[in-house]
Amino acid sequence: MDSSFPTRGQLERTLSQRIQALYRAQLEHRPSQVFCQMFDEKIAIILEDVVTQPEQLLVDSGKEELGEKVREELDQALQPQLKDLIEEIVGVEVLDILSNTKIETGRTATVAILASPPSVRNS
């Protein structure tokens, strides 16, 4: 591969940093950690401590279902921006994004399905 291509690790780090910044900018909440792992034409993304203070307040006051609905709506609202961000960084079209959040643990798992594997160089 051409040495002008980034390594897989560089893409994963850049994705993690930019996704964390996206959440901070859009939700004024910063996940404690964002892990990205690329598998050919798939990217797995795990966010830790993603539940916002208002969502947690709803859960703590016995309105867990509403808290989960709010999180679901937020995740859906962020998907177009997340799709654009991934496409910008990896240089490949995102065909689909699958996402789910566990309010109890504060984790979000997302899988992005790419049209083809990104071009990377060996590290």
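Residues numbered from 1 in each chain as written. Predicted model: local features only at pLDDT ≥ 70, side-chain atom pairs only at ≥ 80, totals over all residues. Heavy atoms only, no water.

Trainee: Quick question: what am I supposed to make of the pairing of strand E1 (residues 33–39) here?
Mentor: Across a regular strand the side chains alternate sides, sitting on one face of the sheet and then on the other. The side-chain alternation of E1 yields one buried face, formed by Val 34, Cys 36 and Met 38, and one unburied face, formed by Gln 33, Phe 35, Gln 37 and Phe 39. Across seven bridges, E1 lies against strand E2 (residues 42–48) in antiparallel orientation. Directly across from Gln 33, in E2, lies its bridge partner Glu 48. The turn linking E1 back onto E2 is made up of two residues, and Asp 40 within it adopts a positive phi angle of 55 degrees. (Buried < 20%, exposed > 50% of the residue type's maximum accessible area, 1.4 Å probe, protein only. Helix = DSSP H or I, 4+ residues; strand = E, 2+ residues; numbered from the N terminus. Pairing = 2+ DSSP bridges.)

Trainee: Could you clarify how one ought to interpret the packing of helix H2 (residues 53–60) against helix H3 (residues 64–90) in this entry?
Mentor: The description of two packed helices rests on the angle between their axes and on the distance between the axes. Viewed as axis vectors pointing N to C, H2 and H3 meet at an angle of 155 degrees, and their least axial separation amounts to 6 Å. In this view, H2 runs roughly antiparallel relative to H3, as classed from their interaxial angle. Helix-helix and strand crossings are classified by hand; for H2 and H3 the assignment is left-handed. Taking contact as the criterion, the partners of Glu 55, Leu 58 and Val 59 in H2 are, on H3, Glu 64, Leu 66, Gly 67, Val 70, Arg 71 and Leu 74. Residue composition of the contact of H2 with H3, by class: five nonpolar, one polar and three charged. (Axes fitted to C-alpha atoms, helices over the stretch in contact; angles between N-to-C directions. Parallel < 35°, antiparallel > 145°, perpendicular 65-115°, else oblique. Left-handed = near helix turned anticlockwise from the far one by under 90°. Contact = heavy atoms within 4.5 Å. Nonpolar A, V, L, I, M, F, W, Y, C, P; charged D, E, K, R; others polar.)

Trainee: Please clarify how the pairing of E2 should be interpreted in this entry.
Mentor: Relative to strand E4 (residues 107–114), E2 runs antiparallel, the two sharing six bridges. When the bridges of E4 are listed, Ile 43 appears paired with Ala 112.

Trainee: Explanation requested: the pattern of salt bridges in the structure shown.
Mentor: Pairs can form between side chains of opposite charge whenever their charged atoms are close. If you walk through the whole model with that rule in mind, you get nine salt bridges. One salt bridge connects Lys 69 with Glu 73, and the closest N-O pair in it is separated by 3.0 Å. Of this pair, Lys 69 and Glu 73 both sit in helix H3, four residues apart, which is roughly one turn of the helix. Residue Lys 69 is classed as partly exposed on the basis of its relative accessible area of 40%. One salt bridge connects Lys 102 with Glu 104, and the closest N-O pair in it is separated by 3.4 Å. Taking the relative accessible area as the measure of exposure, Lys 102 reaches 45% and is therefore partly exposed. The network of salt bridges with common partners includes Glu 55, Arg 71 and Asp 75. (Salt bridge = Lys/Arg side-chain N within 4 Å of Asp/Glu carboxyl O.)

By themselves these figures say nothing about function.
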